[in-house]
Amino acid sequence: MLLAIDCGNTNTVFSIWDGEKFLCTLRTSTHHARTADAYFTWYSTLVKHYGIEANITDVIISSTVPRVVFNLRVFADRFFGCRPLVVGKPETLLPFKPRVDEGTQVGPDRLVNTAGAFDRYGGDLIVVDFGTATTFDVVAHDGAYVGGVIAPGVNLSLEALHLAAAALPHVDISKPQKVIGTNTVECMQSGVFWGYVGLVREICERIKSEAGVPMKVISTGGLAPLFQQTADLFDAFEDDLTMHGLTVIHRYNKDNGSA
């Protein structure tokens with residue numbers, strides 16, 4: 001069994017893959033000071049709670065927070081007796097080499113999303129990931145990551161409004177019933193929601209124009225279902241794209257003798 005770990009700026013997700021399906025997905029907040037023992041206490045408690053028999057033999061990690069990788073490596077070695085694959089490290093092979101400027105280090109989350117999306121949809125894709133940042137990953141016809149766009153995340157924008165303007169409250173994002181707000185909360189929600197709809201639509205159209213080929217737009221990430229309600233913005237929604245991408249990269253390394 002494979003334990004796939006995706007560590008983002010806000011949350012860290014653990015998923016157990018039995019070779020055919022995910023048995024469970026567990027979430028915790030990302031904290032660089034969390035020890036290997038603390039990870040295992042949290043993990044084993046939840047696995048036992050769900051009644052899952054998990055004989056983990058392999059671990060793969062994708063992390064946009066470099067400081068947590070050491071403790072996750074110790075976690076895998078100490079409790080599962082294996083050396084984990086870490087996406088972005090030289091020893092971890094990728095199905096397709098990114099085609100970006102020399103010296104550019106592509107975020108592991110973007111490499112994983114690319115691998116997962118290509119495996120499910122083929123090439124010529126735009127993957128929009130609504131995370132702490134809103135990212136656009138461009139996947140070429142052959143599956144290579146060839147660049148993209150990074151914009152502030154939805155919740156990050158809302159939090160910035162609240163912190164920078166004393167009179168503006170903290171609000172949760174939701175799809176407003178109308179564009180014109182009649183109170184402060186509705187005005188903020190409308191600005192952020194419809195602002196991001198416009199941002200996504202405009203950036204995707206410009207990417208397609210530059211690429212010069214028809215492209216599918218795939219959404220993923222925590223807030224993707226909210227924006228999926230907007231007609232014709234996306235061709236598909238994937239709630240487990242990152243985890244699926246981790247299984248694809250793990251399988252590729254297994255098949256090529258690197259895992």
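What counts as what
- Residues numbered from 1 in each chain as written.
- Predicted model: local features only at pLDDT ≥ 70, side-chain atom pairs only at ≥ 80, totals over all residues.
- Heavy atoms only, no water.
- Pairing = 2+ DSSP bridges.
- Helix = DSSP H or I, 4+ residues; strand = E, 2+ residues; numbered from the N terminus.
- Contact = heavy atoms within 4.5 Å.
- Axes fitted to C-alpha atoms, helices over the stretch in contact; angles between N-to-C directions.
- Salt bridge = Lys/Arg side-chain N within 4 Å of Asp/Glu carboxyl O.
- Buried < 20%, exposed > 50% of the residue type's maximum accessible area, 1.4 Å probe, protein only.

Caption draft 1: Representation of the sheet that holds strand β1 (residues 2–7). Across the sheet, five strands lie side by side as β3-β2-β1-β4-β5; this open sheet has mixed pairing. The outermost strands of the open sheet, each flanked by one partner alone, are β3 (22–29) and β5 (85–86). Sheet topology note: the β1/strand β4 (residues 58–63) ladder contains six bridges and is parallel. Opposite Leu 2, over in β4, you have Asp 58 as the bridge partner. Here helix α1 (residues 36–49) sits on the sheet in contact with β1, β2 (11–17) and β3, set at roughly 135° to β3.

Caption draft 2: Examining the pattern of salt bridges more closely. All chains considered together, the criterion is met by 12 salt bridges. With its nearest N and O atoms 3.0 Å apart, the salt bridge here joins Asp 18 to Lys 21. When its relative accessible area of 29% is taken as the criterion, Asp 18 is described as partly exposed. For Lys 21, a relative accessible area of 46% translates into the label partly exposed. A salt bridge links Arg 73 to Glu 91, with the nearest nitrogen and oxygen atoms 3.7 Å apart. Placement of Arg 73 in helix α2 (residues 66–80) and of Glu 91 in the loop between β5 and α3 (108–121) is noted, with a sequence separation of 18 residues between them. Under the relative-accessibility criterion, Glu 91 is labelled partly exposed at 36%. When salt bridges with common partners are traced through the structure, they connect Arg 120, Glu 238 and Asp 240 into a single cluster.

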